[in-house]
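Descriptive structure summary
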Amino acid sequence: MQTMQLVVAAVLAIQQPVPPLPPLPGPFPILVAPQLDALTVAFDGLQGLEGLAGLEGLQGLEGLQGLQGLQGLDVLDALDPVSPLASQDPQDPTDSLWRAAHQAFNRGDYTSAANLYGDIARRYPSTARAGDALYWAAFALYKNDDLSRARSLLVTQQRQYSKAATLRDAAALFARIQTALAKQGDEEAGRWLTQHAQPDTNRANSCPTEDDDDDMRVAALNGLLQMDATNAVPILKKVLARRDACSAGLRRKAVFLVSQKHSDETEDILLDVAQHDPDPEVRQQAVFWLSQVPTDRAVAMLDSILRTTGDAELREKALFALSQQHSPRAGQILRTYAENANAPSEAREKAIFWLGQQHSSENAAFLRGLYAKLADQDLKEKVIFSLSQMHEADNTAWLMDIALNEREQIEMRKKALFWAGQTGGDLTQLSGLYERMQNREMKEQLIFVYSQRHEAAAVDRLIQIAKSEQDKELRKKAIFWLGQSHDPRAAQVLLEIINQ
């Protein structure tokens, strides 16, 4: 019966592929857990993979969610076109022209695209597509640096097609065109930027149903910053001085613009907003962008926020901002917070995560010492993860010590073993551990660790376990992982088991 089970396991191992590890977006050199859901169709021997729960340490990347507050800044993007063919109608007399214009635009023939879209507006001015055609014709002219004609078409669209679907995009494009023209010395465009960058004081008592005006104003402010920061910064200060609820979205965007222009006033403006703006999201954005202000004063403010705020999201932004500062004081603030037993556990986890991303020997020594002081299992797990990301020999040796320490909880040992294997732990040492391990769960974890290594010696170890391990469940696990190997020796062993 046992032999039959192993044969079935070998057949399944050959037939059941494991999906490849997905690539990890972002700047951090950290690993992504295998897609375990796809493995559940195999056999119950895969339950040993539960040790990978330690990969929850990747949640520390949530500290980057502060960027979500910038979603409203799409007006500053490159305005890459989306397909304007969403409403195709073969019976529409403009259909063939529209298709031809779209194809010309996509292949970069902007002259032809502008002419074809212009033909639609001239020949079929009463059709639903006429207004949008003016936008796309202007966009094509903008791509060809024919700015004056592009501006003229957008003015026509605004006057004659007030219900066009592309009006909002057209407003952002108009602001970009005005910016480009102002840089070329167009006085009219320069006056337009200054006028439209000004805050609208008439809206304090009524909120608009859409933020089109805000988008136009932000685009104008951005253009003014590019060509005349001296005049733009006072206007931004006026925007940020407002306290009404209706302007909160505009203030959030203004905070971003301020952060991108490193003037002498940038620090003062961001610090004032972080302290006094009534909208929590505006304050959070100001704290987030203080990460780009490398001064002692900014660090002191972030420290004060960290110690006094009851706003969890604001605290998270402060931790991230401190992690981006490279001063010794910022690092010490993070370390002090990480060991503060009175601080919220989730915030301490974030502090530990960001310390691990800085890859300093001082932080590594601190985290190794902190681990022994912790009772909270989530915090201990975060320390293990953070140390694994530093890729230093001392940290890998420390992870191995945790894995071998029988006084440690089994879950911590399994997580330490997994990350030691992932970070390049000595395979000879890992291979020799199998016979020394008395705990079955640790043996399961070792089998998985071997399966994730690409050296021939790791395959050799799996082959040995598949052939000689007395515990049939452990043998089945080794057989399964051999089935995921591309080593021809593994295939040969599986065939031998099948033919027994």
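Remember, it's a predicted structure, so these values are computed and weren't measured experimentally. (Residues numbered from 1 in each chain as written. Predicted model: local features only at pLDDT ≥ 70, side-chain atom pairs only at ≥ 80, totals over all residues. Heavy atoms only, no water.)

Helix and strand counts for the chain stand at 25 helices and zero strands. Residues counted as buried form 51% of the 500 residues belonging to the chain. Sequence-distant contacts, at least 24 apart, represent 64% of the contacts inside the chain between residues at least 6 apart. (Helix = DSSP H or I, 4+ residues; strand = E, 2+ residues; numbered from the N terminus. Buried < 20%, exposed > 50% of the residue type's maximum accessible area, 1.4 Å probe, protein only. Contact = heavy atoms within 4.5 Å.)

As a further point, take the pattern of salt bridges. One pass over the structure, following the stated rule, counts 30 salt bridges. Taking the shortest distance from any N to any O, the salt bridge between Asp95 and Arg99 comes out at 3.2 Å. Taken together, the residues Asp95 and Arg99, both in helix α2 (residues 95-106) and four residues apart, mark about one turn of the helix. In this structure, Arg489 and Asp460 form a salt bridge, with 2.1 Å as the shortest nitrogen-oxygen distance. In this pair, Arg489 is assigned in helix α25 (residues 488-498) and Asp460 in helix α23 (residues 456-468), connecting sequence segments 29 residues apart. It is possible to trace a salt-bridge network through shared partners that takes in Glu411, Lys414, Lys415 and Glu441. (Salt bridge = Lys/Arg side-chain N within 4 Å of Asp/Glu carboxyl O.)

Tyr117, Leu290, Leu367, Val383, Leu430 and Leu482 are the most contacted members of the largest nonpolar core, which totals 137 residues. By residue number, the principal contributor to this core is helix α4 (residues 130-143), which donates nine residues. Counting residues in each nonpolar core, the second largest holds five residues, with Ala121, Ala130, Leu134 and Ala164 among its members. (Core = buried A, V, L, I, M, F, W, Y, C linked by side-chain atoms within 4.5 Å.)

Interhelical geometry of helix α13 (residues 296-308) versus helix α14 (residues 312-324) gives an angle of 145 degrees and a closest axis separation of 9 Å. Judged by the twist between their axes, the crossing of α13 over α14 is left-handed. Each of Val299, Leu302, Ile305 and Leu306 in α13 lies in contact with α14, whose residues at this interface are Leu314, Arg315, Ala318, Leu319, Ala321 and Leu322. Its residues assigned to classes, the contact of α13 with α14 comprises nine nonpolar, no polar and one charged. (Axes fitted to C-alpha atoms, helices over the stretch in contact; angles between N-to-C directions. Left-handed = near helix turned anticlockwise from the far one by under 90°. Nonpolar A, V, L, I, M, F, W, Y, C, P; charged D, E, K, R; others polar.)

Looking now at the environment of Leu271. The residue Leu271 is located in helix α11 (residues 266-276) in this model. Judged by its relative accessible area of 3%, Leu271 falls in the buried class. Sequence separation of Leu271 and Arg283 is 12 residues, and the distance between their C-alpha atoms is 9.2 Å. Not counting the four nearest positions on each side in its chain, Leu271 is found in contact with Leu290, Arg297, Ala298 and Met301.

The next thing to look at is the packing of aromatic side chains. Evaluated as defined, the whole model comprises 22 aromatic pairs. Measuring from centroid to centroid gives 5.1 Å for Phe288 and Trp289, while their planes differ by 85 degrees, and the two rings are edge-to-face. Each ring, one from Phe288 and one from Phe320, has its centre 4.9 Å from the other, and the planes form 10 degrees; the classification is stacked. Here the residue Phe288 occupies a position in helix α12 (residues 280-289), and Phe320 occupies one in helix α14, the gap between them amounting to 32 residues. (Phe/Tyr/Trp six-rings, centres within 6.5 Å; stacked < 30°, edge-to-face > 60°.)

Looking at where Arg413 falls in the secondary structure, it is placed in helix α20 (residues 410-422). A distance of 2.7 Å separates a polar side-chain atom of Arg413 from the backbone oxygen of Ala403. (Polar contact = N/O pair within 3.5 Å; in protein donor to acceptor, adjacent residues only side chain to side chain.)

This part covers α23. If you check α23, its first and last C-alpha atoms are 18 Å apart, about what 13 residues at 1.5 Å a residue would give, namely 18 Å. Residues of α23 that are buried: Ala458, Val459, Arg461, Leu462, Ile463, Ile465 and Ala466. In the core, the buried residues of α23 are packed alongside α21 (427-436), α22 (440-451), α24 (472-483) and α25. (Expected span 1.5 Å × (residues − 1).)

Turning to the environment of His359, a few remarks are in order. Among the secondary structure elements, His359 is positioned in the loop between α16 (345-357) and α17 (361-373). C-alpha of His359 to C-alpha of Leu387: the two residues are 28 residues apart in sequence and 8.7 Å apart in space. Of note is the side chain of His359, whose polar atom sits 3.1 Å from the backbone oxygen of Gln389.

Every buried residue of α25 is listed here: Ala490, Val493, Leu494 and Ile497. Buried residues of α25, viewed axially, fall in a sector of 100 degrees; they line one side. (Arc of directions from axis to C-beta.)

A few words on the side chain of Asp132. By the element assignment, Asp132 lies in helix α4. Excluding residues within four positions of it along the chain, Asp132 makes contact with Trp98, Gln157, Ala164, Ala165 and Thr166.

Interpreting fine coordinate detail is not advised for predicted regions of low pLDDT. This prediction gives the chain a mean pLDDT of 79; 77% of its residues lie at or above 70. In this model, residues 17-80 is a region of pLDDT below 50 whose contacts with residues beyond four sequence positions or in other chains number 123 contacts. (pLDDT = per-residue confidence, 0-100.)

Looking at where Leu404 falls in the secondary structure, it is placed in helix α19 (residues 393-404). Each C-alpha atom, one on Leu404 and one on Arg436, is 9.4 Å from the other, the two residues being 32 residues apart in sequence.

Attention now moves to unusual backbone geometry. Phi is positive for Asp145, close to 65 degrees, though the residue is something other than glycine. Mapped onto the fold, Asp145 is located in the loop between α4 and α5 (147-160). Even without a glycine there, the phi angle at His391 is positive, about 55 degrees. We classify His391 as partly exposed; its relative accessible area is 44%.

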